[in-house]
Amino acid sequence: MPWCRRAGYLTMDDSLRELYQEVILDHSRHPRHFGALAAHTNMAEGHNPLCGDRVKIFMQIDSAGRIQDVSFDGRGCAISVASASLMTQLLKGRTVAEAERLMGGFLALVKGEDTTDLEPSDREHLQVMAGVSAFPMRVKCATLAWHAMKAALEHKGGAKTE
Amino acid sequence: MIPQPVSKDPVYDAAALRRDFPILATRVNGKPLVYLDNAASAQKPAPVIDAVEKFVTREYANVHRGVHFLSSAATEAYESARDRVRRFLNAAHHDEIVFTRGGTEAINMVASSWLAPRIQPGDEIVLSVMEHHSNIVPWHFLRERQGAVLKWVDVSGYGELDPGDIARALSPRTKLVAITHMSNVLGTETNLREIVRLAHSKGVAVLADGCQAAVHAQVDVQELDVDFYAITGHKLYGPTGIGALYGKRDHLKAMRPWLGGGEMIREVTQESITYADPPMRFEAGTPPIIQAVGLAAALDYIDTVGRERISLHEHALTAAATRKLKELNGIRIIGEAPAKGPIISFEATGIHPHDLATILDSEGVAVRGGHHCAQPLMRRFDVMGTARASFALYNTAEEVDALIHAVVQARRVFDNG
Ligand SMILES: Cc1ncc(COP(=O)(O)O)c(C=O)c1O
């Protein structure tokens, strides 16, 4: 259980400091790739009905299945906005298959599971989100944008995390 | 007004009362639990826990069915719990109290068994923007299924509800006013007596959602003259899975059954069926017997402490917390009606309510962050959600300080990052 793990090596204050570290707060205050993409081929909205958070993901995907551009829009908590912002930084230039693999690695990271699937440079970039694993109630916040991204890849209109 | 038991001790001793609630000794993240999520559900005192244990170890059986000793003891306990609820609300008659699974079921029962057969397309239901979803969705059902029209009454920027606005929303097509007696978000206590008077002058019945008000205010359904009043046990320091609907005798008699099953019938044949009288008509199947006994013990507990004293204590905590929150930078309180229960919704600029609740939790302070099942109200105040601290009879001035300290910590995390 993530709770036990937290008790094992971190105090609550440490966990909290790790959750709300400077990089996360910076991304939540100044999200990157924020705002709708006028020209996009794929779009989906993620909605967490529990807290009302909404995030829209826009993607421009070329005929070879490569993500040429990506952005997000919406309102949410620091964790969900930072997560979306960090995600958009990684997706540009990736293929659809690579984006899906990246998502798998990210989900593992925030659940405190094995992340050997992640490329070392990706893991380094996303490592700031690892603190979420000590807060099981907040994992949904961190994964909202990723689920919306996956729905957009599949051309679906919306994603939900409950 | 309901007579209050006279207290021998004029000093309200919250610290002593806390010892009645075993769970309050819990430590969270190495810190003492500061439980301020009482509007969502209240903790249970030992007398409730003991009453349940005593009942299941000595008197338990199904009710209204057997002639044997235990069945008779259980029936007696169940029916005396009903009478306990009657006294709590000061209803005139025993048969005006229907046990339900909670406040939600009580309201749904009125929507489906009383109002639905009376609704023609275009008929109107008046409600306020500060209703809990459980006093919204059942009326939406009637809109979707039968063409009822929902007429929404706004509140002021302070969260006050003007009974005159309710009166102005009434029309010859109004079939019901469905209104909260106390908002679970803003804390606003509505002037139910006046709303009922105005509605009755136009021949319109009133259902009040008393899930919060019954916990913090004095409720006398006869004085209020309200037609239906819904309460829920778990917020009243009682068990989950139990609530009650008060309905005026004539309304209940005119109401069609709710669920069908055992105990709610008079006679069933292959061709036809006749129904039991209220309240049994609305209590199909084996009811929440154990929970009813627990609820009765909870109401005893509340009245032993004294409703007026509890309310004074909670008001003092609310006033102190409100004042101290306002002294902090970047905190906005949502809901400052003059008549207000111990519920404080607030926003911290730049901090999402979930982030705030997470940081407060790390200080052992349990508050609720989110939309509180009141999305129309969130839209009305243009917020995604709020943080909500709500007080109960066992909260203390030190806990108010713990809340303030934790909010300052949150500001620190976000401002200095
Ligand atoms: C104002 C109000 N009405 C209704 C309810 C529903 O009560 P319950 O969930 O116990 O059915 C609640 C609590 O959740 C409430 O605060």
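Residues numbered from 1 in each chain as written. Chains lettered and ligands numbered in written order. Predicted model: local features only at pLDDT ≥ 70, side-chain atom pairs only at ≥ 80, totals over all residues. Heavy atoms only, no water.

A. Highlighting the overall build of chain B. When helices and strands are counted, chain B shows 15 helices and 17 strands. For the C-alpha atoms alone, the extent of chain B along its principal axes is close to 75 × 55 × 35 Å. Residue burial in chain B is summarised as follows: out of 417 residues, 59% are buried. Here the contacts in chain B between residues at least 6 apart in sequence split such that 71% fall between residues at least 24 apart. When the accessible surface of chain B is split by element, carbon and sulfur atoms take 53% of a total near 16600 Å². Here chain B contributes 44 positively and 49 negatively charged side chains, and the mean placements of these two sets differ by 2 Å. (Helix = DSSP H or I, 4+ residues; strand = E, 2+ residues; numbered from the N terminus. Buried < 20%, exposed > 50% of the residue type's maximum accessible area, 1.4 Å probe, protein only. Contact = heavy atoms within 4.5 Å. Areas by Shrake-Rupley, 256 points an atom, 1.4 Å probe, with all protein chains shown as cover. Lys, Arg positive; Asp, Glu negative; His and termini not counted. Charge placed at Lys NZ, Arg CZ, Asp CG, Glu CD.)

B. Up close: the domain arrangement of chain B. Residues and elements named next belong to chain B. Partitioning chain B into domains gives domain 1 (6-32 + 307-416) and domain 2 (49-303). Computed from C-alpha coordinates alone, the two centres of domain 1 and domain 2 are separated by 28 Å. Taken together, the contact pairs 36 residues of domain 1 with 33 residues of domain 2. Buried area between domain 1 and domain 2, both sides added, is near 2700 Å², and the carbon and sulfur share of it is 58%. For the pair domain 1 and domain 2, the interface holds 2 salt bridges. In this structure, Asp154 and Arg380 form a salt bridge, with 2.7 Å as the shortest nitrogen-oxygen distance. Joining domain 1 to domain 2, the criterion identifies 19 residue pairs in polar contact (both at pLDDT 80 or more). When residues of the side of domain 1 that touches domain 2 are traced back to their parent elements, those giving at least two are helix H12 (307-327), strand E14 (343-348), helix H14 (375-380) and strand E17 (386-390). Broken down by class, the residue content of the side of domain 1 that touches domain 2 amounts to 20 nonpolar, 8 polar and 8 charged. (Domains from an automatic or database assignment. Buried area = accessible area lost by both parts, 1.4 Å probe. Salt bridge = Lys/Arg side-chain N within 4 Å of Asp/Glu carboxyl O. Polar contact = N/O pair within 3.5 Å; in protein donor to acceptor, adjacent residues only side chain to side chain. Nonpolar A, V, L, I, M, F, W, Y, C, P; charged D, E, K, R; others polar.)

C. Focus on unusual backbone geometry. Residues and elements named next belong to chain B. For the bond running from Pro278 to Pro279, omega is 0°, close enough to zero to count as cis. One non-glycine residue with positive phi stands out, namely Tyr237, at about 70°. For Tyr237, the location among the structural elements is in the loop between strand E9 (228-232) and strand E10 (243-247). Tyr237 sits in the buried class, given a relative accessible area of 1%. In this model, His372 sits at a positive phi of 55°, which is unusual for a non-glycine residue. Locating His372 in the fold gives a position in the loop between strand E16 (368-370) and H14.

D. Representation of the nonpolar core in the model. Ranked by size, the top nonpolar core spans 82 residues in total, and within it Leu89, Val177, Val226, Tyr229 and Tyr237 of chain B carry the most contacts. Tallying contributions element by element places helix H11 (residues 289-305) of chain B first for this core, with 11 residues. For this core, the two domains that each supply at least three residues are domain 1 (6-32 + 307-416) and domain 2 (49-303) of chain B. In terms of nonpolar packing, the next biggest core, distinct from the first, is built from 77 residues, Ile61, Leu90, Leu126 and Cys141 of chain A among them. (Core = buried A, V, L, I, M, F, W, Y, C linked by side-chain atoms within 4.5 Å.)

E. Spatial organisation of the packing of aromatic side chains. Summed over all chains, the structure comprises 10 aromatic pairs over all chains. In textbook terms, an aromatic cluster arises when at least three aromatic residues are bridged by ring pairs, as seen for Phe21, Tyr237, Tyr301 and Tyr394 of chain B. (Phe/Tyr/Trp six-rings, centres within 6.5 Å; stacked < 30°, edge-to-face > 60°.)

F. Representation of the environment of Leu150 of chain B. All names here are of chain B. As for its position among the elements, Leu150 is in strand E6 (residues 149-153). Sequence separation between Leu150 and Leu127 is 23 residues; the distance between their C-alpha atoms is 7.2 Å. The contact partners of Leu150, leaving out residues within four places of it in the chain, are Ile125, Leu127, Trp139, His140 and Arg143.

G. Layout of the interface of chain B and chain A. Each partner contributes to the interface: chain B provides 16 residues, whereas chain A provides 21 residues. Of the roughly 1600 Å² buried where chain B meets chain A, counting both sides, 55% is carbon and sulfur surface. The shortest N-O distance in the salt bridge between Arg138 of chain A and Asp355 of chain B comes to 2.8 Å. At the level of secondary structure, the elements contributing two or more residues to the side of chain B that touches chain A comprise helix H13 (353-362) and helix H15 (397-416) of chain B. With 5 residues, the top contributor of residues to the side of chain B that touches chain A is H13 of chain B. When its residues are assigned to classes, the side of chain B that touches chain A shows 4 nonpolar, 9 polar and 3 charged.

H. Up close: helix H3 (residues 22-29) of chain A. All of the buried residues along H3 of chain A are Ile24, Leu25, His27 and Ser28 of chain A. Along the axis of H3 of chain A, the buried residues cluster in a sector spanning 160°; they form a single face. (Arc of directions from axis to C-beta.)

I. Looking closely at the site of the ligand. All names here are of chain B. The full set of residues close to the ligand is Gly102, Gly103, Thr104, His132, Ser134, Asn184, Asp209, Cys211, Gln212, Thr232, His234 and Lys235. Gly103 places a main-chain nitrogen or oxygen 3.3 Å from an oxygen atom of the ligand. Between the ligand and the protein, one listed contact pairs an oxygen atom with a side-chain N or O atom of Thr232 at 2.6 Å. Here the ligand, which alone exposes 390 Å², has 84% of that area covered by the protein. (Near = heavy atom within 4 Å.)

J. View of the pattern of salt bridges. All names here are of chain B. A complete count under the given rule lists 36 salt bridges over all chains for this structure. Among the salt bridges present, the one from Asp37 reaches Arg368, with a minimum N-O distance of 3.6 Å. Taken together, the residues Asp37 in the loop between strand E3 (34-35) and helix H2 (46-58) and Arg368 in strand E16 connect sequence positions 331 residues apart. We classify Arg368 as partly exposed; its relative accessible area is 34%.

K. How the structure looks around the confidence of the model for chain B. Taken over all residues, the pLDDT of chain B has a mean of 95, while the share at 70 or more is 97%. At the level of chain-chain contacts, confidence expressed as ipTM amounts to 0.83, with global pTM at 0.91. (pLDDT = per-residue confidence, 0-100.)

L. How the structure looks around the sheet that holds E10 of chain B. Residues and elements named next belong to chain B. If you walk across this open sheet you meet the 7 strands as E4-E10-E9-E8-E7-E5-E6, and the pairing is mixed. Looking along the sheet, the strands with just one partner apiece sit at the ends: strand E4 (97-100) and E6. Each adjacent strand pair in this sheet contributes to an overall mean axis angle of 20°, direction not counted. Here 4 bridges tie E4 to E10, and the two strands are oriented antiparallel to one another. Opposite Thr100, over in E10, you have Gly243 as the bridge partner. On the sheet, helix H5 (residues 137-146) packs against strand E5 (124-128), E6, strand E7 (174-180) and strand E8 (205-209) and is oriented at approximately 140° with respect to E6. (Pairing = 2+ DSSP bridges. Axes fitted to C-alpha atoms, helices over the stretch in contact; angles between N-to-C directions.)

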